[in-house]
Amino acid sequence: MPTPRRGLLLASIHDVSPRFESEVDQLLALVEPHVGQRLAMLVVPNHWGDAPIIPGSAFASRLRGWADSGVEMFLHGYFHRDDTCHGRSASRLQASLMTAGEGEFLGLTRNDAAHRIGEGRALVEDVIGRPLDGFVAPAWLYGSGALEALSEAAVPIAEDHLRVWSPRTRQQLARGPVITWASRTRLRLASSLAAAAALRNAPIKVLRVGVHPPDVRHPAIVRSIGNTLGVATSTRRPAAYADLLAAQLRISGRT
Ligand SMILES: [Zn+2]
């Protein structure tokens with residue numbers, strides 16, 4: 001038996017939508033050599049309101065095929081875009097500064113969040129033929145309404161920039177930053193490359209790596225993703241988010 005690798009690696013592809021089908025294929029080609037099917041896809045039911053996932057479509061059957069092959073499926077907002085009115089609040093400033101208006105679940109009321117989670121979950125579960133594995137808010141931004149709606153909907157797993165938790169059990173499952181890349185400005189691109197290079201060698205027990213469709217347009221990001229996954233899998237076992245829940249159950253069963 002080989003020496004067990006010390007930590008876990010959770011890899012995810014964000015913004016899985018018919019709009020980004022070719023980018024998703026390129027990201028898969030980049031990620032699969034390192035983790036196989038041990039990855040999560042974050043699915044957007046109707047990106048910006050004009051890229052719907054239609055049950056019975058070719059894209060829907062691809063989603064089902066990925067789910068059948070073991071890819072975990074997370075709901076990732078509904079439209080992805082922040083179309084709520086935050087007024088002149090701090091959250092509006094946060095949304096516009098951090099996300100270029102992609103923080104869909106930051107300003108939603110509990111009812112609106114519950115409605116979108118319910119509709120999105122029904123659609124994705126219909127398409128993949130199995131229960132959803134979890135939910136990740138666009139840009140990892142959750143307002144209080146979204147957090148309440150996730151708990152009420154008993155969603156098994158959610159994550160933000162710094163932690164993974166279970167809305168269903170309200171337990172924290174993992175801590176530590178996500179390695180991700182940004183390309184909207186040259187400065188952000190450079191700092192995300194530097195952050196990835198530092199974090200992939202840091203002693204983070206559960207290391208998360210999230211890739212996005214625009215990443216494939218930048219050769220430096222593509223190289224950094226490959227290097228990061230290579231280093232990460234030399235010391236960590238590619239795992240499923242659901243493994244964190246199973247570990248939590250084992251721990252709470254013992255105590
Ligand atoms: Zn996203």
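Here the structure is shown first, and the text comes after it.
Here is what the cut-offs are and how they apply
- Residues numbered from 1 in each chain as written.
- Predicted model: local features only at pLDDT ≥ 70, side-chain atom pairs only at ≥ 80, totals over all residues.
- Heavy atoms only, no water.
- Donors = N, O, S within 2.8 Å, 3.2 Å for Na, K, Ca; no water.
- Salt bridge = Lys/Arg side-chain N within 4 Å of Asp/Glu carboxyl O.
- Helix = DSSP H or I, 4+ residues; strand = E, 2+ residues; numbered from the N terminus.
- Buried < 20%, exposed > 50% of the residue type's maximum accessible area, 1.4 Å probe, protein only.
- Core = buried A, V, L, I, M, F, W, Y, C linked by side-chain atoms within 4.5 Å.
- Contact = heavy atoms within 4.5 Å.
- Polar contact = N/O pair within 3.5 Å; in protein donor to acceptor, adjacent residues only side chain to side chain.
- Phe/Tyr/Trp six-rings, centres within 6.5 Å; stacked < 30°, edge-to-face > 60°.
- Axes fitted to C-alpha atoms, helices over the stretch in contact; angles between N-to-C directions.
- Parallel < 35°, antiparallel > 145°, perpendicular 65-115°, else oblique.
- Left-handed = near helix turned anticlockwise from the far one by under 90°.
- Nonpolar A, V, L, I, M, F, W, Y, C, P; charged D, E, K, R; others polar.
- Pairing = 2+ DSSP bridges.
- Expected span 1.5 Å × (residues − 1).
- Bend = angle between axes of the 7 residues up to and from the residue.

Can you lay out the coordination of the zinc ion for me, pointing to particular residues and giving the numbers?
Those donors, Asp15 (OD), His76 (NE2) and His80 (NE2), are the protein atoms that reach the zinc ion, and they lie 2.0 to 2.1 Å from it. The sequence pattern formed by the donor residues of the zinc ion is D-x60-H-x3-H.

Got a sec to walk through the pattern of salt bridges? Specific residues and values, please.
The final tally for this structure, using the stated rule, is ten salt bridges. Arginine 62 is paired through a salt bridge with glutamate 21; the nearest N and O atoms lie 2.9 Å apart. With arginine 62 in helix α2 (residues 58-68) and glutamate 21 in helix α1 (residues 21-35), the pair connects residues that are 41 residues apart, well separated along the chain. Its relative accessible area of 27% is what places glutamate 21 among the partly exposed residues. Where salt bridges share partners, they join Glu21, Asp25 and Arg62 into one cluster.

Describe in detail unusual backbone geometry, supporting the description with residues and values.
A positive phi is found at aspartate 15, a non-glycine position, where the angle reads about 60°. By the secondary structure assignment, aspartate 15 is in strand β1 (residues 7-16). With a phi angle near 55°, tryptophan 48 is a residue other than glycine that sits in the positive phi range. Looking at tryptophan 48, the relative accessible area reads 37%, which means it is partly exposed.

Now, about the nonpolar core: what can you tell me, with residues and values included?
Ranked by internal contacts, the top residues of the largest apolar core, which has 71 residues, are Leu39, Met41, Leu63, Met73 and Phe135. The contact partners of leucine 63, leaving out residues within four places of it in the chain, are Val16, Val43, Ile53, Met73, Val127 and Ile128.

With reference to specific residues and values, describe the side chain of histidine 47.
In this structure, histidine 47 sits in the loop between β2 (39-43) and α2. Take histidine 47: its relative accessible area is 5%, and that puts it in the buried class. Side-chain polar atoms of histidine 47 contact the side chain of arginine 19, separated by 2.9 Å. Setting aside residues no more than four positions away along its own chain, histidine 47 makes contact with Ser17, Arg19, Phe20, Tyr78, Phe79 and His80.

Can you tell me about the packing of aromatic side chains, naming the residues and giving the values?
Throughout the structure, instances matching the rule amount to six aromatic pairs. Ring centres 6.3 Å apart and planes at 80° place the aromatic pair phenylalanine 59 and tryptophan 66 in the edge-to-face group. Pair check on accessibility: phenylalanine 59 and tryptophan 66 agree, each one buried. A centroid spacing of 5.0 Å and a plane angle of 65° characterise the contact between phenylalanine 105 and phenylalanine 135, whose relative ring orientation is edge-to-face.

If you had to explain the packing of helix α6 (residues 186-199) against helix α7 (residues 219-235) to someone new, which residues and values would you point to?
Packing of α6 against α7 leaves a shortest axis separation of 10 Å and a crossing angle of 15°. In this view, α6 runs roughly parallel relative to α7, as classed from their interaxial angle. Between α6 and α7 lies a crossing whose hand is left-handed. Residues Leu189, Leu193 and Ala196 of α6 form the contact with α7, whose own contacting residues are Ala220, Ile221, Ser224 and Thr228. For the contact of α6 with α7, a count of residues per class yields five nonpolar, two polar and no charged.

So what's going on with the environment of glycine 134? Residues and values would help.
Mapped onto the elements of the fold, glycine 134 is located in strand β4 (residues 134-135). When its relative accessible area of 0% is taken as the criterion, glycine 134 is described as buried. Sequence separation between glycine 134 and leucine 42 is 92 residues, and the spatial gap between their C-alpha atoms is 9.0 Å. Sequence-distant contacts of glycine 134, that is, excluding residues within four places in its chain, are made with Met73, Phe74, Leu75, Val155 and Ile157.

Give me the lowdown on the pairing of β1, citing residues and values where you can.
Remark: a regular strand shows side chains that alternate across the two faces of the sheet. Among the ten residues that make up β1, ten are buried, leaving the element largely enclosed by the rest of the structure. As judged from the three bridges shared by β1 and strand β10 (residues 236-238), these two strands associate in the parallel manner. Bridging from a neighbouring strand, glycine 7 pairs with arginine 236 of β10. Here β1 pairs with strand β9 (residues 206-211) via six bridges, running parallel.

Explain α1 residue by residue, including any values.
Over its 15 residues, α1 extends 20 Å from the first C-alpha to the last, a length consistent with the 21 Å expected when each residue adds 1.5 Å. For α1, the principal kink sits at alanine 29 and spans about 30°; a proline, proline 33, occurs within the next four residues. Buried residues belonging to α1 abut β1, β2, α2, β9, α7 and β10. Just past α1, the residue glycine 36 takes up positive phi, approximately 60°.

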